[in-house]
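Understanding the architecture of this molecule
So the chains spell out like this:
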Amino acid sequence: MKKTANFLRRTIKIMGIALIGINLLRIFDKLTYLKFMQNPLPALFNSIILVLFSYLPSLLKRIKIEMSDLLYTITSLSMILSLALGMIFNFYTHISGYDSLIHFMNGGLLVYVGLAVLSIFTKNYQLKNISPFLLIFFAFNFAMMIGAVWEIFEFTADAFGANMQRYLDINNDLTPFVGRAALADTMKDFILNTSGGIIASIILYFDIKKDSKYLEKIYVTKLDDNELFTSA
């Protein structure tokens, strides 16, 4: 798993740096053959996020937190599918159903991320003493909160021409939707996030009850000074 995590980290870094260069160039030159990509400014911003994400494990170690290779791997795949392919390369617009698939998938993934976040503030032996229902309740609500924050991000990105909330009809010369139709994409995203979160929560509930071994690899580890020095 470590080799996979390291490979994804390097891939995301190289991809992000290359995309920063491409989108800086697109700001000054239209590069019409790259029309399939997101508009230059939001694409540049998202490319910077990719590069920063590649440094996430190192940044966390500076505050004495170690992200597991399994957690980094699954979040990396999500970043590639959602941010790189979905947003920068505009798969959300050009591939039917891609947006729905990613929202459903991320709704489930964020439940596991929520559990990892909880493990930062709780010792592993304490986690085992917490009711599985309360663990799932926190993880599910964390996923729903991030889903809501993401919709705020989409709304903000649309101010720079991204059309992430699909308020412009891409099949009708970008004519703005009116009334209930303008809300359809956002509400569909909320429903898919929630559906993915519910399914992941049910699976995770029974895994916690069984004390499944992979959960130890989801949890985030807090390093003491000696561990930090050794891993440096």
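Our subject in this report is the structure included herewith. (Residues numbered from 1 in each chain as written. Predicted model: local features only at pLDDT ≥ 70, side-chain atom pairs only at ≥ 80, totals over all residues. Heavy atoms only, no water.)

So, helix H4 (residues 69-88)
Helical periodicity: at 3.6 residues per turn, an α-helix aligns residues three or four positions apart in one direction. What counts is decided by this rule: Here the bend at a residue means the angle between the axes of two seven-residue stretches, the one that ends at it and the one that starts at it. Secondary structure elements follow DSSP: runs of H or I no shorter than four residues count as helices, runs of E no shorter than two count as strands, and numbering proceeds from the N terminus. A 1.4 Å probe rolled over the protein chains alone gives each residue an accessible area, and that area as a share of the maximum for its type sets the label: buried under 20%, exposed over 50%, partly exposed in between.
Its maximal kink placed at Met-79, H4 deviates by approximately 25 degrees. Counting buried positions over the 20 residues of H4 gives 15, a clear majority of the element.

So, the packing of aromatic side chains
Rule in force here: Each aromatic pair joins two rings of Phe, Tyr and Trp (for Trp, the six-membered one) with centres within 6.5 Å, and gets the label stacked for planes under 30 degrees apart, edge-to-face for over 60, and tilted for any other angle.
Under the definition given, this model contains ten aromatic pairs. Aromatic pair Tyr-112 and Tyr-214: ring centres 6.4 Å apart, planes at 45 degrees, arrangement tilted. Residue Tyr-112 is found in helix H6 (residues 98-120), and its partner Tyr-214 is found in the loop between helix H9 (180-210) and helix H10 (215-218); the two are separated by 102 residues along the sequence. On the accessibility criterion, Tyr-112 (14% relative accessible area) is buried. Residue Tyr-214 is classed as partly exposed on the basis of its relative accessible area, which comes to 28%. With 6.2 Å between their ring centres and 25 degrees between their planes, Phe-133 and Phe-137 make a pair best called stacked. Separated by four residues within a single helix, Phe-133 and Phe-137 lie in helix H8 (residues 132-158), roughly one turn from each other. Taking relative accessible area as the criterion, Phe-133 reaches 55% and is therefore assigned exposed. Feature note: the residues Phe-45, Trp-150 and Phe-153 constitute an aromatic cluster, connected by ring pairs.

Some thoughts on the side chain of Ser-76
As a reminder, the rule being used: We call two residues in contact whenever any of their non-hydrogen atoms come within 4.5 Å of each other.
Mapped onto the secondary structure, Ser-76 falls in helix H4. Residue classification places Ser-76 among the buried residues on the basis of a relative accessible area of 0%. With residues up to four places along the chain from it excluded, the contact list for Ser-76 reads Leu-8, Ile-12 and Phe-53.

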